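# Descriptive structure summary
This is what each chain is made of:
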Amino acid sequence: MMKFSDSLKKNRDFQNVYQNGRSYANKYLVMYVLKNNLGTNRIGISVSKKVGNSVVRHRLTRLVREIYRLHEEMFNSGLDIVVVARVNAKSILYTDMESALLHLAKLHKILK
């Protein structure tokens, strides 16, 4: 299977998306999107310590990454996407996270 996305890893990449991207939020997530002119998407996931301990934070990170992976072909290419989990997302179910993520993607108009 072709891989469409990379991860955003460097702090300056995150900062660039925060400062120059557009953001939309819902109850569980905040999503920042910025064009990157690379032809591929880069996704960064940020979960602060306010949300919970490392077990909780890693669970949310894996959830977001997996949902993105499964819906990847629906997303337009050439974007840097940063997803920030909010405190309410702590005990969220997969289906709720899925609809939260896709809801923000629709607001950003980044779905094909």
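An account of the accompanying structure is given in this report. Note that residues are indexed from 1 along each chain, following the sequence as it is written. Where totals are concerned, whole chains, interfaces and linings use all residues; where local detail is concerned, this predicted model gives features only for residues with pLDDT of at least 70, and gives and counts side-chain atom pairs only at 80 or more. Side-chain descriptors were evaluated using all non-hydrogen atoms of the structure, hydrogens and water having been removed beforehand.

## Topic: the pattern of salt bridges
Threshold: Note on definitions: salt bridges are taken to be side-chain nitrogens of Lys or Arg within 4 Å of carboxyl oxygens of Asp or Glu. Helix and strand definitions here come from DSSP, where helices need a minimum of 4 consecutive H or I residues and strands a minimum of 2 consecutive E residues; each element is numbered from the N-terminal end. Each residue gets one of three labels from its accessible area relative to the maximum for its type: buried under 20%, exposed over 50%, partly exposed in between, using a 1.4 Å probe on protein chains only.
One pass over the structure, following the stated rule, counts 3 salt bridges. Residue aspartate 80 is joined to arginine 42 by a salt bridge in which the shortest nitrogen-to-oxygen separation is 2.7 Å. Here arginine 42 lies in strand E4 (residues 41-47) and aspartate 80 lies in strand E5 (residues 79-85), a separation of 38 residues in the sequence. Accessibility expressed as a relative area gives 2% for aspartate 80, which makes it buried. A relative accessible area of 19% means that arginine 42 is categorised as buried. Ionic contacts of the salt-bridge type, sharing partners, join the residues Asp13, Arg42 and Asp80 into one network.

## As for the environment of glutamine 15
Its place among the elements puts glutamine 15 in helix H1 (residues 11-20). As for glutamine 15 and tyrosine 68, which are separated by 53 residues in sequence, their C-alpha atoms are 21 Å apart.

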